[in-house]
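Listed below, chain by chain, are the residues.
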Amino acid sequence: MKAIVAIVIVGIVAYNSVYFRKLDEHKASGVAKEFDAIGYAKTFWEKKLPQRLDSAIELGVLKEMLSTDPGNAFAQHSHALGIGNLRYFLVKETGVVTNVGSDDIRLDKGVKVATEFIFGNSVRDASGLVNVNEFTNTMDFNNVSAEINKIIREQVLPPFKASVKKESKVKVIGAIELNKEHLDLSDIEIIPVQLELVDTENAGN
């Protein structure tokens, strides 16, 4: 009899010590923890970034500042996540297209606008709107950049590339990357956020 009681007690203890959870609940909890990079980038693009575009500095003004007082130019207008030399600026420029290439367009202001290879963290970091402390790992953080770049490739560039031609007048707002210690203003590339063809006939109206 004692043996039977002991077996029953052991069985009860063993049953209560095991935690049973429905498979559906387990799967659901795993999904809830996944970071939604697509949703984050969409919110960034549609709700946060547009408010920041008005603060983009004229590229010509920035280049003048960088020539005369680079320290102040970087302090006032650049953003960066780390302590390295790379800094990111949100800029705007208007110019006439001098060349339409397979990878970019060239403007008469001595600047090129990327139209094919959109990668890196320039737009994310130039905005100053994304805080690395919001993320639990670097993969999620970098996936935000990947999704922002995808939006540019799929939404911004196709209609522009279908219409732009040599001698078109273009307005662009976008991000540039500059090295603080090895500053080179001779071949600036803008990663576009907005691209607009200007109607030269009505530009003065």
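Parameters at a glance
- Residues numbered from 1 in each chain as written.
- Predicted model: local features only at pLDDT ≥ 70, side-chain atom pairs only at ≥ 80, totals over all residues.
- Heavy atoms only, no water.
- Helix = DSSP H or I, 4+ residues; strand = E, 2+ residues; numbered from the N terminus.
- Buried < 20%, exposed > 50% of the residue type's maximum accessible area, 1.4 Å probe, protein only.
- Areas by Shrake-Rupley, 256 points an atom, 1.4 Å probe, with all protein chains shown as cover.
- Pairing = 2+ DSSP bridges.
- pLDDT = per-residue confidence, 0-100.
- Contact = heavy atoms within 4.5 Å.
- Arc of directions from axis to C-beta.
- Polar contact = N/O pair within 3.5 Å; in protein donor to acceptor, adjacent residues only side chain to side chain.
- Core = buried A, V, L, I, M, F, W, Y, C linked by side-chain atoms within 4.5 Å.

### A look at the overall build of the protein
When helices and strands are counted, the protein shows 7 helices and 7 strands. Put simply, the protein runs from its N terminus to its C terminus through helices and strands in the order α-α-α-β-α-α-β-β-β-β-α-α-β-β. Going through the 205 residues of the protein one by one, you find that 34% of them count as buried. Total accessible area computed for the protein in this model is approximately 12800 Å², and 52% of it derives from carbon and sulfur atoms.

### Here we look at the pairing of strand E3 (residues 86-100)
Sheet topology places strand E1 (residues 57-58) next to E3; 2 bridges connect them, and they run parallel. Looking at E3, one finds that isoleucine 57 is bridged to valine 91. Alignment of strand E2 (residues 78-79) against E3, held across 2 bridges, turns out to be antiparallel. Considered in E3, the bridge of serine 78 is made with phenylalanine 89. Following E2, the chain reverses through 6 residues before pairing antiparallel with E3. Of the strand pairs in this sheet, E3 and strand E6 (residues 169-179) are connected by 11 bridges, and their pairing is antiparallel. By the bridge assignment, lysine 92 is partnered in E6 with isoleucine 173. Pairing geometry for E3 and strand E4 (residues 104-107), over 3 bridges, is antiparallel. By the bridge assignment, valine 97 is partnered in E4 with leucine 107. Count of turn residues in the E3/E4 antiparallel hairpin: 3 residues.

### Looking at the confidence of the model for the protein
When pLDDT is averaged along the protein, the result is 86, and 81% of the positions lie at 70 or above. Put simply, helix H1 (residues 2-17) is where the protein has its lowest mean pLDDT, 44, and E1 is where it has its highest, 98.

### Let's talk about the environment of phenylalanine 141
Inspection of the secondary structure puts phenylalanine 141 in helix H7 (residues 138-163). With 20 residues separating them along the chain, phenylalanine 141 and asparagine 121 place their C-alpha atoms 9.9 Å apart. Beyond its immediate stretch of four places on either side in the chain, phenylalanine 141 contacts Leu81, Arg124, Val130, Val132 and Phe135.

### Observations regarding helix H4 (residues 59-68)
Leu59, Leu62, Met65 and Leu66 are the residues of H4 that are buried. Each buried residue of H4 sits inside an arc of 120° when the element is viewed along its axis, so together they form one side. Along H4, exposed side chains directed more than 90 degrees from the buried face belong to Glu64, Ser67 and Thr68.

### Structural notes on the side chain of serine 78
You can see serine 78 is positioned in strand E2. Of note is the side chain of serine 78, whose polar atom sits 2.5 Å from the backbone oxygen of phenylalanine 74. Residue contacts for serine 78: discarding those within four places in its chain leaves Ala73, Arg87, Tyr88 and Phe89.

### Looking at the nonpolar core
Formed by 49 residues in total, the largest nonpolar core has its most connected members in Leu62, Val123, Ile152 and Ile176. With 8 residues, the top contributor of residues to this core is H7. Ignoring any residue separated from it by four or fewer positions in sequence, one finds valine 123 in contact with Phe44, Leu49, Ile148, Ile152, Ala175, Ile191 and Val193.

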